[in-house]
Amino acid sequence: MGRVSRRAFAVAALSAFTMMPQASAATGRRGGAPYSEMRGVWIASVANRDWPSKSGLSAAQQRAELLTHLDTAAGKRLNTVFFQVRPTADAMWPSPYEPWSQYLTGTQGKDPGWDPLGTAVEEAHARGLQLHAWFNPYRVAVHADPSRLAASHPARENPDWVVTYGGKLFYNPGLPEVRAFVEDAMLDAVAKYPVDGVHFDDYFYPYPVAGQTFDDDAAYDEHGGGFPDRAAWRRDNIDRLVRETADRVKEVRPGACFGISPFGVWRNAGTDPLGSDTKAGVETYDDLHADTRKWVREGWIDYIVPQLYWNIGFAAADYAKLLPWWAEAARDSSTQLYVGEALYKAGDPAQPAAWQETGELSRHLTLAGEYPQVRGHVYFAAKDVAADRIGAMARVVADHYGQPAPPPR
């Protein structure tokens, strides 16, 4: 799409937003004002999941693929992209803190010859899309060999910052100097580019690996005094990251929002009466040391996108039970609630029968329409929006996205 036509597209999209009719009873929950809702898509760069499709493409090929994802999002009447710019303690922009991402050129630290984040922000805005810069705070590498990192990588220069666990490398969230560094590294992008939001995914302390221990003994001995146990100390470490990042985003770019997309189960009711009627094998409070419900209730974050990646009727974690639980958690809070949707499961033969039905995701949106706290949905992920194996995304668009809509603010 050329520059002139992109500008025309943006003007048309924004004009459509201002002329939006009130939401109908079938598709909306808030009368009296132009209808707004989050219609988002994640663009994952880790392991070349969505973009770039493989490492080592030319700058022109990488740029063309990125613009295609943005065009697809706009064409589906989505309004926001969540662009992963720091997948593994690296950068999709020229950062003074961390090396260029290996997922661009195949070699960590090698200049790709262009600025992906700068381009993504400009081109998203040209299409009437908002862009949230998506960061993974603590993951260093999806392997366990520090020698494979760029020679200048901070994890090599500060090996005491790093914990090896589950065959991967992680920064230790229990070290104040680590927390300060990762905040500085992320905020560099927020200061340089007019992003509309700052976004964390679901990785805080790593997901548990059977038979392995996350070795933070030294950090706990030094910094864990005054806490009843290690779990409470770990949750406080993540709380501090969330609160400090929120404060710094507001200082650096006051117009940007800050949100998080956690695993969809805070705690099971069998663990805590405040928890959801689920039997999930992972609970964010206990396993990832992320008190996601607290962040919502305290209003520390602007929005939350729980990953409700299960079908309606799934026994261990039923979408139809988790949705009202999250709606209740967000009730009367200042935190916007969006729902993370597992588009990637639609049509996957390895998934339950519900995911072979074109209408499963559309039913999610219909159900969500019964809860005014739900302000929209975000789809995982971009290549699945493009491929749309069984037409599940097309069904969502036909059933629910008949007109453009601006995201909530």
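Fair warning: this is a prediction, and the values are worked out from it, not measured in the lab. (Residues numbered from 1 in each chain as written. Predicted model: local features only at pLDDT ≥ 70, side-chain atom pairs only at ≥ 80, totals over all residues. Heavy atoms only, no water.)

Caption draft 1: Molecular detail of the nonpolar core. Core analysis: the largest hydrophobic core is formed by 123 residues, its most contacted members being Phe 135 and Tyr 171. Per-element accounting of this core gives the leading share, eight residues, to helix H11 (residues 319-330). Not counting residues up to four positions away in its chain, the partners in contact with Phe 135 are Val 85, Arg 86, Trp 93, Met 186, Ala 189, Val 190, Val 198, His 199, Phe 200 and Asp 201. (Core = buried A, V, L, I, M, F, W, Y, C linked by side-chain atoms within 4.5 Å. Buried < 20%, exposed > 50% of the residue type's maximum accessible area, 1.4 Å probe, protein only. Helix = DSSP H or I, 4+ residues; strand = E, 2+ residues; numbered from the N terminus. Contact = heavy atoms within 4.5 Å.)

Caption draft 2: Region of interest: the sheet that holds strand S5 (residues 162-165). Pairing is antiparallel in the open sheet, where three strands are placed in the order S4-S6-S5. Edge strands, defined here as strands with exactly one partner in the open sheet, are strand S4 (139-141) and S5. For this sheet, the mean angle separating the axes of adjacent strands, direction not counted, is 35°. As paired strands, S5 and strand S6 (residues 168-171) are joined by four bridges and run antiparallel to one another. Paired with Tyr 165 across the two strands is Lys 168, which belongs to S6. (Pairing = 2+ DSSP bridges. Axes fitted to C-alpha atoms, helices over the stretch in contact; angles between N-to-C directions.)

Caption draft 3: Expanded view of the packing of aromatic side chains. This structure, assessed with the given rule, holds 25 aromatic pairs. Arranged with centres 5.4 Å apart and planes meeting at 35°, the rings of Tyr 303 and Tyr 338 form a pair that is tilted. Here Tyr 303 is found in strand S9 (residues 303-304), whereas its partner Tyr 338 is found in strand S10 (residues 336-341), with 35 residues between them in sequence. Each member of the pair, Tyr 303 together with Tyr 338, is buried. Here the aromatic cluster, defined as three or more aromatic residues joined through ring pairs, consists of Trp 42, Phe 82, Tyr 303, Tyr 309, Tyr 338, Tyr 344 and Phe 380. The lysine or arginine in question, Arg 139, covers the ring of Tyr 203, its NZ or CZ lying 5.0 Å from the ring centre. (Phe/Tyr/Trp six-rings, centres within 6.5 Å; stacked < 30°, edge-to-face > 60°. Lys NZ or Arg CZ within 6 Å of the ring centre and 35° of its normal.)

Caption draft 4: Broad picture of the sheet that holds strand S7 (residues 197-200). Taken in spatial order, the eight strands close into a barrel running S1-S2-S3-S7-S8-S9-S10-S11, and their pairing is parallel. In terms of strand pairing, S10 meets strand S11 (residues 374-379) through four bridges, oriented parallel. Within S11, the residue paired with Glu 341 across the bridge is Tyr 379. Contacts between helix H4 (residues 116-126) and the sheet are confined to strand S2 (80-86) and strand S3 (130-135), with S3 contributing the most and set at about 155° to the helix.

Caption draft 5: Layout of the environment of Gln 356. When you line up the elements, Gln 356 lands in the loop between S10 and helix H12 (360-368). In this structure Gln 356 comes out as partly exposed when scored by relative accessible area, which is 34%. Along the chain, Gln 356 and Ala 346 lie 10 residues apart, while their C-alpha atoms are 6.0 Å from each other. Not counting chain neighbours up to four residues away, the residues in contact with Gln 356 comprise Gly 347, Asp 348, Pro 349, Gln 351 and Ile 390. At 3.2 Å, the side chain of Gln 356 and the backbone oxygen of Gln 351 are in polar contact. (Polar contact = N/O pair within 3.5 Å; in protein donor to acceptor, adjacent residues only side chain to side chain.)

Caption draft 6: Main features of the pattern of salt bridges. By the definition in use, this model includes 24 salt bridges. Of the charged contacts, one joins Arg 230 and Asp 217 as a salt bridge, the two residues approaching to 2.8 Å between their closest N and O atoms. Of the two residues, Arg 230 sits in helix H8 (residues 230-252) while Asp 217 sits in helix H7 (residues 217-223), which places them 13 residues apart along the sequence. Overall, the relative accessible area of 40% leaves Asp 217 in the partly exposed class. One network of salt bridges, in which partners are shared, links Arg 63, Asp 71, Glu 123 and Arg 127. (Salt bridge = Lys/Arg side-chain N within 4 Å of Asp/Glu carboxyl O.)

Caption draft 7: Structural detail: a negative patch on the surface. A cluster of like negative charges, contributed by Asp 160, Glu 177, Asp 221 and Glu 222, occupies part of the molecular surface. Relative to the helices and strands, Asp 221 resides in helix H7. (Patch = residues over 30% accessible without salt bridge, like charges linked within 9 Å, V, L, I, M, F, W, Y side chains within 5 Å. Areas by Shrake-Rupley, 256 points an atom, 1.4 Å probe, with all protein chains shown as cover. Lys, Arg positive; Asp, Glu negative; His and termini not counted. Charge placed at Lys NZ, Arg CZ, Asp CG, Glu CD.)

Caption draft 8: Main features of the side chain of Gln 307. Mapped onto the elements, Gln 307 comes out in the loop between S9 and H11. At 3.0 Å, the side chain of Gln 307 forms a polar contact with the backbone oxygen of Ser 261. Excluding anything up to four places from it in sequence, Gln 307 contacts Asp 202, Ser 261, Pro 262, Phe 263, Gly 264 and Gly 340.

Caption draft 9: The arrangement of the pairing of S6 in detail. With two bridges connecting them, S4 and S6 associate as antiparallel partners. Directly across from Arg 139, in S6, lies its bridge partner Phe 170. The loop that links S5 with its antiparallel partner S6 comprises two residues; one of these, Gly 166, has a positive phi angle of about 60°.

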